[in-house]
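Analysis of the macromolecular model
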Amino acid sequence: MTDPSPPPPPPPPPLRPMPDDWRRALAVVAHPDDLEYGCSAAVAAWTADGREVGYVLATRGEAGIDTLPPAQARSLREAEQRAAAAAVGVTTVEFLGHPDGVIEYGTRLRRDIAAAVRRYRPELVLTLNHRDTWATGAWNTPDHVAVGRAVLDAVADAGNRWIFPELTGQGLPPWNGVRWVAVANSPAPTHAVPAGPGFEQGVRSLLAHRTYLEALSDTDPETYARRFLADSTGTHSARFGGRPAVAFELFGR
């Protein structure tokens, strides 16, 4: 009797190493903690290697802690984000001031991100998963989707002098030097960075969001941070020579 079951799908291809012939990166995400849950261990390794990384946050995370009113959460989460960035060697942190939880994809968001790209003039741009779902199949949040998609579009906007021409008048000439956009926590990763060299700094970076973590879970914050990063960097290790990895979906330009 012929077995009617279909053959198993082929294993996914190995993750390729991320490009390393760049000196300046800009990370643009929706909320404080997005980078710490996504790729801070990679950022730590890059800054230790002398590379420059700047952070741009669309919001201040004011709607992220149920037990704190937005006015109080806003300043606390901004301070925690600056501490988290410092833990991985990032000194430049900018907040765009879009409303947490209700970010709208559109020209205002694209213009703000294009302006940031023109200011920082990076070769590599980082963002968080812009797809409707995570790898687990869980639904993504509207803020992540809006910001991630706007980043992919705004990188092109930043290089076109006829899109948002008012930016040139503000002293921000076009920048067409972005060579890659790397999406952290994508359900379809293609490249990776070894997580080991920056792992401990990544733990400290996530732990800097202590108030947020304490509101999120009853687990001791350090135990939570260490376990989360161990699990997340181990997810794709089989595709990266058995090494813990920070994985990205890489778009070239």
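Look a little higher up for the structure.
Notes on the structure follow.

Calculation criteria
Residues numbered from 1 in each chain as written. Predicted model: local features only at pLDDT ≥ 70, side-chain atom pairs only at ≥ 80, totals over all residues. Heavy atoms only, no water. Helix = DSSP H or I, 4+ residues; strand = E, 2+ residues; numbered from the N terminus. Buried < 20%, exposed > 50% of the residue type's maximum accessible area, 1.4 Å probe, protein only. Contact = heavy atoms within 4.5 Å. Axes fitted to C-alpha atoms, helices over the stretch in contact; angles between N-to-C directions. Parallel < 35°, antiparallel > 145°, perpendicular 65-115°, else oblique. Left-handed = near helix turned anticlockwise from the far one by under 90°. Nonpolar A, V, L, I, M, F, W, Y, C, P; charged D, E, K, R; others polar. Pairing = 2+ DSSP bridges.

Further remarks concern the overall build of the protein chain. Along its length, the protein chain carries 9 helices and 8 strands. For the protein chain, the C-alpha atoms occupy an extent of roughly 75 × 40 × 40 Å along the three principal directions. In the protein chain, buried positions account for 50% of the 253 residues. Long-range pairs, those at least 24 residues apart, make up 81% of the contacts in the protein chain between residues at least 6 apart in sequence.

A few words on the packing of helix H2 (residues 40–48) against helix H7 (residues 199–207). The contact between H2 and H7 brings their axes to 8 Å, and the two run at 125 degrees. Between H2 and H7, the angle falls in the class oblique. As for how H2 packs across H7, the hand of that crossing is right-handed. Along its contact with H2, which presents Ser-40, Ala-41 and Ala-44, the element H7 presents Phe-199, Gln-201, Gly-202 and Ser-205. Its residues placed into classes, the contact of H2 with H7 shows 3 nonpolar, 4 polar and no charged.

Turning next to the pairing of strand E7 (residues 191–194). In the sheet, strand E1 (residues 16–17) pairs with E7 via 2 bridges, with the strands oriented parallel. Directly across from Arg-16, in E7, lies its bridge partner His-191. Pairing between E7 and strand E8 (residues 245–252): 4 bridges, direction antiparallel. Each residue of the ladder has a partner; that of His-191, found in E8, is Phe-248.

Turning our eyes to something else, we now look at the sheet that holds E7. The mixed open sheet is built from 8 strands, whose spatial order is E1-E7-E8-E6-E5-E2-E3-E4. Taken across any chain shown, the strands that pair with only one partner, and hence form the sheet edges, are E1 and strand E4 (92–95). Two strands pair when backbone bridges link them, and strand E6 (residues 180–184) and E8 are joined in this way by 5 bridges, in the antiparallel orientation. From the neighbouring strand, Trp-180 faces E8, where its bridge partner is Gly-252. Most of the contacts of H2 go to E8, to which it runs at about 80 degrees, and overall it touches strand E3 (52–57), strand E5 (124–128), E7 and E8.

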